[in-house]
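Each chain, written out:
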Amino acid sequence: TVRWVIVPAAGVGRRMGSDVPKQYLPLAGRCVLSTTLARLHEAWPQAQQLVCLSSQDAYFDSGMLPDGINWLRIDGGAERADSVWAGLVALEGHANPQDWVAVHDVARPCVRPQELQAMAAALQGDPVGGLLAVPASDTMKRACAGQNQVAHTESRVDLWHALTPQLFRYGVLRQAMHGAYQRAEVQGRSIAETITDEASAVEALGLSPRLVVGRRDNLKITHPEDLALAEQIIAAQQD
Ligand code: C5P
């Protein structure tokens, strides 16, 4: 069973073009953050949710939390990875290396509780973990470096879109993220340039995360039009 859930929610969502961070925009009668946390809680009511918020956050209200949730507020960092790392550090001395830790972006409120449970069941017994993902269906173009000019077409066979949750054993993920920070320092790159998700950190350990087929409607709210789409998706899910 999933014991810990880290919810990176410390972003400001610049691409939304809104003053209010996207996790606080209204969705399905509440807000994005409230919807996401409720779905995680429905799937894994026994888990503790570590909600990573900006220390500058002026919008969070505990009334946004689902009833009965076991949660902890964590100070997020400058990048998504820093927020996840803050959650992992907070688990030190509490989580066992074998415990499952799910990382789920607050910006993905359309994930279904059944999908979360099915993912955990699919990974049960796995020594490493994996992530929800969907096979690429668009034709993929590789551009010439930094230009809007096609260099060639990538085969989309065996290409997947990585979604969240990403679900890993605590010990594996902690070691992987620690390694990513060390690499970033050695290479003089930022953590955001070094890894873009938890799985990429785990891959760098030479491990192969499992791809669990997710649903295309588990969209990440990034641009303004995504909110209306999420509204429709959630309405359709309740039919
Ligand atoms: O902006 P983007 O959608 O890529 O962010 C992905 C997730 O990471 C969001 O849930 C966002 O709140 C979170 N995040 C964070 N800390 C940051 C930046 C983003 O927790 N510094």
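Just so we're clear, the structure is a prediction, and the values are computed from it rather than from any experiment.

Visitor: Can you help me understand the sheet that holds strand S4 (residues 48–53) in this one?
Guide: To summarise the sheet geometry, strands pair through backbone hydrogen bonds and adopt either a parallel or an antiparallel arrangement. Here seven strands make up an open sheet; going across it, the order is S5-S4-S1-S6-S10-S7-S11 and the pairing mixed. Pairing within the sheet leaves two strands with one partner each, and these edge strands are strand S5 (70–75) and strand S11 (210–213). The average angle at which neighbouring strand axes cross in this sheet is 25°, direction not considered.

Visitor: Explain the site of the ligand to me, please; I cannot follow it from the model alone.
Guide: Near the ligand you find 18 residues, and of these Pro8, Ala10, Gly11, Ser83 and Asp105 are the closest. Listing elements by their share of the shell around the ligand, those giving two or more residues are strand S1 (2–9) and helix H2 (80–90). In the shell around the ligand, the residues fall into seven nonpolar, seven polar and four charged.

Visitor: Whenever I open this one, the confidence of the model for the chain confuses me. Can you help?
Guide: Regions with low pLDDT carry predicted coordinates that are not meant to be interpreted in detail. Confidence in the prediction for the chain averages 97 pLDDT; 100% of positions are at 70 or higher. Overall fold confidence (pTM) sits at 0.97, and the ipTM for the predicted complex is 0.97.

Visitor: How should helix H1 (residues 32–43) be read in this particular structure?
Guide: The end-to-end C-alpha distance of H1, which contains 12 residues, comes to 17 Å, matching closely the 16 Å that a straight helix rising 1.5 Å per residue would cover. Within H1, 10 of the 12 residues are buried, leaving the element largely enclosed by the surrounding structure. Of the positions making up H1, those classed as buried are Val32, Leu33, Ser34, Thr35, Thr36, Leu37, Arg39, Leu40, His41 and Ala43. Contact partners of the buried residues in H1: S1, strand S2 (26–27), strand S3 (30–31), S4 and helix H3 (113–123).

Visitor: Whenever I open this one, the pairing of strand S10 (residues 160–169) confuses me. Can you help?
Guide: Regular strands place their side chains on alternate faces of the sheet. Burial within S10 is extensive, with seven of its 10 residues counted as buried. Inspection of the sheet shows strand S6 (residues 100–103) paired to S10 by four bridges, in the antiparallel sense. Pairing of Trp100 across the sheet is with Arg169, part of S10. The pairing of strand S7 (residues 129–135) with S10 spans six bridges and is classified as antiparallel. Counterpart to Pro135 in the pairing with S10 is Trp160.

Definitions and cut-offs
- Residues numbered from 1 in each chain as written.
- Predicted model: local features only at pLDDT ≥ 70, side-chain atom pairs only at ≥ 80, totals over all residues.
- Pairing = 2+ DSSP bridges.
- Helix = DSSP H or I, 4+ residues; strand = E, 2+ residues; numbered from the N terminus.
- Axes fitted to C-alpha atoms, helices over the stretch in contact; angles between N-to-C directions.
- Near = placed C-beta within 6 Å.
- Nonpolar A, V, L, I, M, F, W, Y, C, P; charged D, E, K, R; others polar.
- pLDDT = per-residue confidence, 0-100.
- Expected span 1.5 Å × (residues − 1).
- Buried ≥ 20, exposed ≤ 12 C-beta atoms within 10 Å, placed from the backbone.
- Contact = placed C-beta atoms within 7 Å.

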